[in-house]
Amino acid sequence: MSTIVTPSTASLEADAGALAERILAASNATMELATINLGLRLGLYQGLEDDGPATAPELAERTGTDARYVREWLEQQAVAGLLTCPDPGVAPDERHFALPAGHAEALLAPESPAAVGGIVRITVGVLSPGPRLTEAFRTGEGVAYSEYGEDTREGIAEMNRPMFANELAQAWLPALPDVSARLSRAPAARVADIACGCGWSSLAIAKGYPLARVDGFDADPASIERARQNADAAGTQERVRFFLHDAAADSLSGSYDLVTIFEAVHDMARPVDALRAARGLLADGGCVLVADARVAERFTAPADETERLVYGFSVLHCLPVGREDEHSAATGTVMRVDTLRAYATEAGFGGVTVLPVENDFWRFYRLDP
């Protein structure tokens, strides 16, 4: 017969106090993320980086903002240790504020491995449809991707961009030696980048493999518009094209040496249909490369920081977005290896290989027909 152990009053109070401290710290951090997002969206950090230290009136003049709001933001940023203030004792509008070089790289260099703008924006963005999400929990309905707004859309793109720029052609695709070789030789290989978002993955493939031609597909009109703008800015529009298309639609067609799906299978309402459509796009010898969350192979609690982060995004964004379709698989961000294998097998793939690619957040799968 098991014995039920009742915690002592002292231990319960200690647990309550520890949780209260944790929640206070989380609240503080959340508000700091929101103020960082303000600085990014309003160009306040960029104004300090471009023209050097400034007082509140000077920075307001540089950025076309209100000096009183800017002063409060500058003081808050300095209190949080994000900016420096060498002369705190002078009158408020005479204080100078500066952006340290290391902080500038993290906040303003979009392809730096240390870039944090994306995680800031998406964290703020997934909180935006709060009342709608509350109602979805009651009804079981989904929440449209578009309801999460620009911060979420751009945040996802910015969060993944450094990995695409620094790792996709340098480490991920070389883990597929036959595919990498095909992308490197004439005649031009063709790549289909499914759920391409704002296009940074497509552009990274094109940059890393100058002979390849890449077609990006996404169901979100705003993402495709931004992807086309990014291709124009990069000068790659001759080799990279973007199309508004649902990945699971039967009408998706073509013949591609490689199909990629980065961090998107778990979001799809019909992942098996999407994988089946991807398989149908493959030329002879081609394969599908899937990257998705590197979660544990089974549920444990409590779990590590990565699992906590992934579950947070799943509750607030990925599961609700994935449930837009009435017949959704309702996968959620926490898609474990066995789940992906099952989806791929049902979609008709004969082989699923977990690739030996080192990454803190993503696991990589090769799917062969």
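The rules we used
Residues numbered from 1 in each chain as written. Predicted model: local features only at pLDDT ≥ 70, side-chain atom pairs only at ≥ 80, totals over all residues. Heavy atoms only, no water. Core = buried A, V, L, I, M, F, W, Y, C linked by side-chain atoms within 4.5 Å. Buried < 20%, exposed > 50% of the residue type's maximum accessible area, 1.4 Å probe, protein only. Helix = DSSP H or I, 4+ residues; strand = E, 2+ residues; numbered from the N terminus. Contact = heavy atoms within 4.5 Å. Axes fitted to C-alpha atoms, helices over the stretch in contact; angles between N-to-C directions. Parallel < 35°, antiparallel > 145°, perpendicular 65-115°, else oblique. Left-handed = near helix turned anticlockwise from the far one by under 90°. Nonpolar A, V, L, I, M, F, W, Y, C, P; charged D, E, K, R; others polar. Pairing = 2+ DSSP bridges. Arc of directions from axis to C-beta. Phe/Tyr/Trp six-rings, centres within 6.5 Å; stacked < 30°, edge-to-face > 60°.

A. Representation of the nonpolar core in the model. Trp-172, Leu-173, Leu-183 and Leu-258 are the most contacted members of the largest nonpolar core, which totals 36 residues. Breaking this core down by element, the ones donating at least two residues are helix H8 (149-172), helix H9 (177-183), helix H10 (200-208), helix H11 (221-234), strand E3 (240-244), strand E4 (256-262), strand E5 (282-293) and strand E7 (362-368). For this core, the element with the most residues is H8, which contributes six residues. Non-local contacts of Leu-183, meaning those with residues more than four positions away in its chain, are made with Leu-173, Ala-189, Val-191, Tyr-209, Leu-211, Ala-212 and Leu-258. Counting 30 residues, the second-largest nonpolar core is a separate cluster that includes Met-268, Met-335, Val-337 and Tyr-365.

B. Quick look at the packing of helix H12 (residues 271-280) against helix H14 (residues 337-346). Following both chains from N to C, one finds H12 and H14 inclined at 55°, their axes separated by 8 Å at the closest point. When the axis of H12 is compared with that of H14, the two are oblique. In this structure, H12 meets H14 at a crossing whose hand is right-handed. On the side of H12, the interface is formed by Pro-271, Val-272, Leu-275 and Arg-276, while H14 contributes Leu-340, Tyr-343, Ala-344 and Glu-346. Class assignment of the residues belonging to the contact of H12 with H14 gives a composition of six nonpolar, no polar and two charged.

C. Focus on the sheet that holds E4. The seven strands are arranged E3-E2-E1-E4-E5-E7-E6 in an open sheet whose pairing can be described as mixed. Looking at which strands have only one partner, the edges of the open sheet turn out to be E3 and strand E6 (351-354). Strand-to-strand twist in this sheet, taken as the mean axis angle between neighbours without regard to direction, amounts to 20°. In this fold H12 packs onto E4, E5 and E7, with an angle of close to 145° to the strand it touches most, E5.

D. H14, seen in detail. If you check which residues of H14 are buried, you get Val-337, Leu-340, Tyr-343 and Ala-344. Each buried residue of H14 sits inside an arc of 130° when the element is viewed along its axis, so together they form one side. Across from the buried face of H14, at angles greater than 90 degrees, the exposed residues are Asp-338, Thr-345 and Glu-346. Buried residues in H14 make contact with H12, E5, E6 and E7.

E. Summary view of the packing of aromatic side chains. Enumeration according to the criterion identifies 11 aromatic pairs in this entry. Considering the side-chain rings of Trp-172 and Trp-362, the 5.5 Å spacing of their centres and the 45° angle between planes classify their relative orientation as tilted. Here Trp-362 lies in strand E7 and Trp-172 lies in helix H8, a separation of 190 residues in the sequence. Of the two residues, Trp-172 and Trp-362, both sit in the buried class. For Trp-172, a relative accessible area of 0% corresponds to the buried category.

F. Spatial organisation of unusual backbone geometry. The omega angle of the peptide bond from Ala-186 to Pro-187 is -5°, so this bond is cis rather than trans. As for its position among the elements, Pro-187 is in the loop between H9 and strand E1 (190-194). Omega for the peptide link from Ala-301 to Pro-302 comes to -5°, which places this bond in the cis form. With respect to the helices, strands and loops of the structure, Pro-302 is situated in the loop between E5 and helix H13 (305-322).

G. Region of the structure containing the side chain of Thr-55. By the secondary structure assignment, Thr-55 is in the loop between helix H2 (44-51) and helix H3 (56-63). By relative accessible area, Thr-55 is classed as buried at 7%. For Thr-55, the contacting residues outside a window of four places in its chain are Leu-74, Asp-93, Glu-94, Arg-95 and His-96.

H. Quick peek at the packing of H8 against H10. At their nearest, the axes of H8 and H10 sit 9 Å apart, and the two run at 20° to each other. Relative to H10, H8 is oriented roughly parallel. Classified by chirality, the crossing of H10 by H8 is right-handed. Facing H8, whose interface residues are Ala-157, Arg-161, Phe-164, Ala-165, Leu-168 and Ala-169, H10 presents Trp-200, Ser-201, Ala-204, Ile-205 and Gly-208.

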